[in-house]
Amino acid sequence: MAVTADHAIPNRSPLIAFLSRWLLTTNHKEIGTLYLWLSFTLFFIAGAMAMVIRLELFQPGIQFAEPLFYNQMVTMHGLIMVFGVVMPGFVGLANWLLPMMIGAPDMALPRLNNFSFWILPFAFTLLISSLFMEGGAPNFGWTFYAPLSTTYGPPSTDFFILGVHLMGISSVLGAINIIVTIFNLRVEGMTLMKMPLFVWTWLITAFLLVMVMPVLAGAVTMMLTDRHFGTSFFSAVGGGDPVLFQHVFWFFGHPEVYILILPGFGIASQIIPTFARKKLFGYHSMVYATVSIAILSFLVWGHHMFTTGMPLAAELFVMYATMLIAVPTGVKVFNWVATMWRGSMTFETPMLFAIGFVILFTIGGFSGLMLALVPADFQYHDTFFVVAHFHYVLYPGAIFGIMSAVYYWLPKWTGNMYDERLGKLHFWTAIVAVNMTFFPMHFLGLAGMPRRIVDYSLQFADFNMVASIGAGMLGLTQVLFLYIVIKTIRGGDKATSRVWESAEGLEWTIPSPAPLHTFSAPPQFPIPEEAYQHD
Amino acid sequence: MTSLINRLCRGLILSTLLAFYNTAFAAAMDMRPGVTDISQRILQIHHYSLAICVVMGVLVFGTMFYSMYAHRRSKHPKPADFHESMLAEIVWTAVPFLILIGLAIPATSALREIEDNSNADLTVLITSSQWKWHYQYLDADFGYYSNMSTPTEQINNLETKSKNYILEVDNALVLPTSKKVRFLTTSDDVIHSWWVPDFAVKQDAIPGYINEAWTRIEVPGLFRGQCAELCGKDHAYMPIEVEVLPEEEFDQWILDQLLAIELASGQAVADRAKTWTLAELMDIGQTVFIDNCATCHEADGSGQGSTYPALAGGEIPTGDMSTHIERVMDGAVDTEMQAWAPQLSDLELASVITYERNAFGNDLGDIVQPLTIFESR
């Protein structure tokens, strides 16, 4: 295959060249970079909103944010973190890594890839612009329950609906691309059960995306027609059903939370073996566990709705099905521990984040199991206990997963080693801050503090103050992360092609930084040891 | 440098632990035991599942930390090369499964009891609206609204916050001890959720639905809760207060209420018969306005953007009077402007409309009499 190494066309001004390079690129590595920077940018925007929330909750009373504005911050923080940070972050990693891991020269549908990325900046511009509109941004929580979001929603709700539609189209197209790439472009010899775990988890995630994003699109479309075209899907006055909205939303929403974590499982399964210098324990059971989690995720949406007046039989079914998810999830954790057992471990930054991921995600899993028990859920539901639970699985879960992936593969992307000392400082400050922020929220919820309140009664003051201080620290540590990433891009010790002494996988057989075009000729698989040795 | 970072980290961890240790004594950290049989059973389930999680956590994380210590490269330079064991996979699939069955049994039996709403001694219909509760005693056939009583000065940090800051109401729900009380919940606008932790009752109030829950409280006292489902701007300011009385006192309280309703309707007739002066109506109107309208339209009538229109110079308060009366009595469909006709008396409605037409510099000089309101009903 004939390829030129550089897309720049001579006799163009540098600005035009720059714009056309990034606007028109169909290269999986460049698109991966775009996704990751979008995710990183939105991480700081949604993080700033979290700072507003924690600042307001620092003390009882209203200090910084009026209730209506506070609700907008809560809503936008959730929406952007879910749809703008974690999802594009994982898609960015998929773009960079999947073709390199399966020995493909690029994604199967490169133009579609460009299109699915460039939808997103428009989607988030629509969403974020609603903050500056008359009546303010959406203020009904990221779960946008009807009728608060339909008949009672602010005018900007229509921008939100359009934004969600665009994000959904982008996700579905991206997921189709990933499925097609994995099924068609694997190097000869790489059967499904020989794929790296990150590829497996992304394959399953992509199927989840294709199945549930259209459900979300259906939900927001029904909202739109309820708001403007006289339908009453969710309006009791017109014979509709507000609870139907919750069923539709959580039928999307529960698989969605696995979309936000499964690629993280894959990342931990890549990184832990490298630094334990030992093959991943129980590869097959890891794959089966991931598939079981994905299938079970379609049966448990009702556990978000125990207080809506579900009948006993439904509550029992959903409770048992939810508890069952603990089994494959446990299998994954046990396998990671068994991988570490009698290895020969070193603790570079990616490994630290991966271990932090396993431990803190497991704590989030424990509280998830507790939440599954319906009688106890009547006390936990819609309190800060739930806020603590899902932040444990999302921050030290999904976000730590992305961070450990960035540290692990950054030398491959940039050709430079990151500053190990700063990386460790980032990890230790982040892990202290993350626990200081989110652990007290368990206590707040148990003691009775409802979630999404702008103001609280006096007995909750102490732990809220601790959480707010932790959140401030957590925000600062991520500025350090930005600094480390930029410093690595600009220079540093040169990375070898294998980077880590016992890293396994096709991406470690190509030079660092990875050239724009790789695997023009298919590599050998299984990988011969000498393939890692060309520098 | 490294040692400095180490020292800093250590100091930080220590001070965090110390902060936790100190606050642990100042603030509640665990689920409240509550005052009903169900709430205490739920606490047991909570402790039981927490204990299982802690034991599992200690085992798994203990193994991990031991491995990180003993199998680090400097101590254990040559990694083992095992990577599969069918036996191990079967064991760590089967054992958690058995533990889960052990957890599901008490949860199932408690749930079956919680969902048994039959044979209630007393039924209260709880209707929510933005941002207040209405309690209707179905057996005695009367009801009333319950609003937060914390003044806005405390919320805006202009006054010291009282002990029960934002957890206090004007009219508490009153219940008897030792009776099976059934709650029916529904909503007039968006979804709310009625939650009193001490009873372990949390039931969504959904427009178009009537949900059920029940409780049986053994001890008299005052119990507090909050709305648990995001319901708009003042979600944080929708407290629940329940006063539980011994049975005889409760029966007496019901009789007192029925008598008070008789008296109030007599008073309403007298109010209608009287012709009120502007000053009298303005006086009453201001109180009604602050209690009911100021949370959205602000005490000075300046409103909050387009969501909560300004009343000072506003189109409706300075326009046609019958439109104004209609808007206040019937509300505006699908907005937070609710119908006030069922919530306020003729005198209160007349005075608040009069107030809106004459305060904030509107100065129309209009007077609305209670009789006009009565005739508009």
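Residues numbered from 1 in each chain as written. Chains lettered and ligands numbered in written order. Predicted model: local features only at pLDDT ≥ 70, side-chain atom pairs only at ≥ 80, totals over all residues. Heavy atoms only, no water.

**Focus on the domain arrangement of chain B**
Residues and elements named next belong to chain B.
Then, in step 1: According to the domain assignment, chain B contains domain 1 (31–114), domain 2 (122–260) and domain 3 (274–376).
Then, in step 2: Using C-alpha coordinates to define each centre, domain 2 is positioned 27 Å away from domain 3.
Then, in step 3: In this assembly, seven residues from domain 2 lie in contact with nine residues from domain 3.
Then, in step 4: At the boundary of domain 2 with domain 3, total buried surface from both sides reaches about 700 Å², with 43% on carbon and sulfur atoms.
Then, in step 5: At the surface where domain 2 touches domain 3, the tally comes to zero salt bridges.
Then, in step 6: Applying the counting criterion to the domain 2 and domain 3 interface returns five residue pairs in polar contact (both at pLDDT 80 or more).
Then, in step 7: In the side of domain 2 that touches domain 3, the residues fall into two nonpolar, two polar and three charged. (Domains from an automatic or database assignment. Contact = heavy atoms within 4.5 Å. Buried area = accessible area lost by both parts, 1.4 Å probe. Salt bridge = Lys/Arg side-chain N within 4 Å of Asp/Glu carboxyl O. Polar contact = N/O pair within 3.5 Å; in protein donor to acceptor, adjacent residues only side chain to side chain. Nonpolar A, V, L, I, M, F, W, Y, C, P; charged D, E, K, R; others polar.)

**Notes on the sheet that holds strand E7 (residues 201–205) of chain B**
Residues and elements named next belong to chain B.
Then, in step 1: Taken together, five strands build an open sheet; the order of strands is E4-E10-E9-E6-E7 and the sheet is mixed. For this open sheet the edge positions go to strand E4 (173–176) and E7, each flanked by a neighbour on one side alone. Ignoring strand direction, the axes of neighbouring strands in this sheet form an average angle of 25°.
Then, in step 2: In this sheet, strand E10 (residues 239–245) lies alongside strand E9 (residues 221–227) in antiparallel orientation, the contact comprising six bridges. By the bridge assignment, Leu222 is partnered in E10 with Glu243.
Then, in step 3: Contacting E4 and E10, helix H5 (residues 247–273) crosses the sheet at an angle of about 135° to E4. (Pairing = 2+ DSSP bridges. Helix = DSSP H or I, 4+ residues; strand = E, 2+ residues; numbered from the N terminus. Axes fitted to C-alpha atoms, helices over the stretch in contact; angles between N-to-C directions.)

**Regarding empty space enclosed by the protein**
Residues and elements named next belong to chain A.
Then, in step 1: The final tally for this structure, using the stated rule, is three cavities of 30 Å³ or more.
Then, in step 2: Around the largest cavity sit 16 residues that line it, and Phe83, Met87, Pro88, Val91 and Ser171 are the ones nearest its centre.
Then, in step 3: For the lining of the largest cavity, the elements supplying multiple residues, two or more each, are helix H3 (67–102), helix H5 (157–184) and helix H6 (197–228).
Then, in step 4: A per-element tally of the lining of the largest cavity places H3 first, with six residues.
Then, in step 5: A class-by-class count of the residues in the lining of the largest cavity yields twelve nonpolar, four polar and no charged. (1 Å grid on protein atoms, 1.4 Å probe; cavity = no way out; pocket = protein on both sides within 12 Å on 5 of 7 lines; lining within 4 Å. Points joined across faces, edges and corners; volume = space filled by probe spheres on them.)

**Points about the pairing of strand E2 (residues 132–137) of chain B**
All names here are of chain B.
Then, in step 1: The element E2 is extensively covered by neighbouring structure, given that six of its six residues are classed as buried.
Then, in step 2: Where burial is concerned, the two faces of E2 agree: the one with Lys132, His134 and Gln136 and the one with Trp133, Tyr135 and Tyr137 are both buried.
Then, in step 3: Pairing geometry for strand E1 (residues 122–129) and E2, over six bridges, is antiparallel. Residue Leu125 lies in a different strand from E2, and its bridge partner there is Gln136.
Then, in step 4: In sequence, E1 turns back onto E2 through a hairpin of two residues.
Then, in step 5: Summarising the sheet, E2 and strand E3 (residues 142–146) pair through five bridges and their orientation is antiparallel. (Buried < 20%, exposed > 50% of the residue type's maximum accessible area, 1.4 Å probe, protein only.)

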